[in-house]
Amino acid sequence: HTHTHTHTHTTHRQPHPRAISLQSAIEIYCILFPAPLPCSSPHHRTAEQRKAVFMPYQVDDKVMEMTNSDSIFMNCLPAARGLEQTASVIDGPKSVVFDQAENRMHAQKALLHVLYHGF
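What you see is a predicted model; the values in this text were computed from it and never measured. (Residues numbered from 1 in each chain as written. Predicted model: local features only at pLDDT ≥ 70, side-chain atom pairs only at ≥ 80, totals over all residues. Heavy atoms only, no water.)

1. Some details on the confidence of the model for the protein chain
Taken as a whole, the protein chain shows an average pLDDT of 82; of its residues, 74% reach a score of 70 or greater. For the protein chain, per-element mean pLDDT is lowest for helix α1 (residues 17-23), which scores 79, and highest for helix α4 (residues 87-90), which scores 97. (pLDDT = per-residue confidence, 0-100. Helix = DSSP H or I, 4+ residues; strand = E, 2+ residues; numbered from the N terminus.)

Here it is in structure tokens:
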């Protein structure tokens, strides 16, 4: 007596871990990855090596679409459009990079005032 086994394989698409993390994200923050980081390994010393490693983490429209509807995009500037984020993201409606830079400027001015004039 011969038995024929039929296996049904159901593929359940699990959301990418990055997508799960982004769903509740309120702030998306970038760093400038063409610049070497102090903790960079010897394998990531050149701009091209860093670009190859970090481009999969570029913030683009797809990434922003995965975020919370109230999310904002931040970058401490300078920013390289087309590298760590696309131009459509940094110039887009969720971007607060110039407000962020202005706030940093006021904080720096306050610090300079305290250092120069004291409390």
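What follows picks up the thread again.
2. Details of helix α5 (residues 97-117)
Here α5 contains 21 residues, and its C-alpha end-to-end distance of 30 Å stays within 8% of the 30 Å for a straight helix at 1.5 Å per residue. Buried residues of α5: V97, Q100 and A101, and no others. The buried side chains of α5 occupy one side of the element, clustering within an arc of 95° when seen end-on. Opposite the buried face of α5, by more than 90 degrees, sit the exposed residues F98, N103 and H117. Where the residues of α5 are buried, they touch β1 (27-30), β2 (72-75) and α4. Looking one or two residues past α5, G118 carries a phi angle of roughly 80°, positive in sign. (Expected span 1.5 Å × (residues − 1). Buried < 20%, exposed > 50% of the residue type's maximum accessible area, 1.4 Å probe, protein only. Arc of directions from axis to C-beta. Contact = heavy atoms within 4.5 Å.)

3. Considerations on the pattern of salt bridges
Tallying each qualifying case throughout the model produces one salt bridge. Close ionic contact of R81 with D91 constitutes a salt bridge, the shortest N to O distance being 2.7 Å. Of this pair, R81 sits in the loop between β2 and α4 while D91 sits in the loop between α4 and α5, and the two are ten residues apart along the sequence. Judged by relative accessible area, R81 falls into the partly exposed class, the value being 44%. By relative accessible area, D91 is classed as partly exposed at 48%. (Salt bridge = Lys/Arg side-chain N within 4 Å of Asp/Glu carboxyl O.)

4. A word on the side chain of N75
Tracing the chain through its elements places N75 in strand β2. Polar side-chain contacts of N75 include one of 2.8 Å to the backbone nitrogen of L77. Within the structure, the side chain of N75 is placed 3.4 Å from the side chain of E84, a separation counted as a polar contact. Here N75 is in contact with C30, E84, Q85, V97 and Q100, once residues within four sequence places are set aside. (Polar contact = N/O pair within 3.5 Å; in protein donor to acceptor, adjacent residues only side chain to side chain.)

5. Observations regarding the pairing of β1
Only one face of β1 is buried, namely the one carrying I28 and C30, since none of E27 and Y29 on the opposite face is buried. As defined by bridge partners, β1 adjoins β2 across four bridges and the pair is classed as parallel. Looking at the pairing, Y29 lines up with M74 of β2. (Pairing = 2+ DSSP bridges.)

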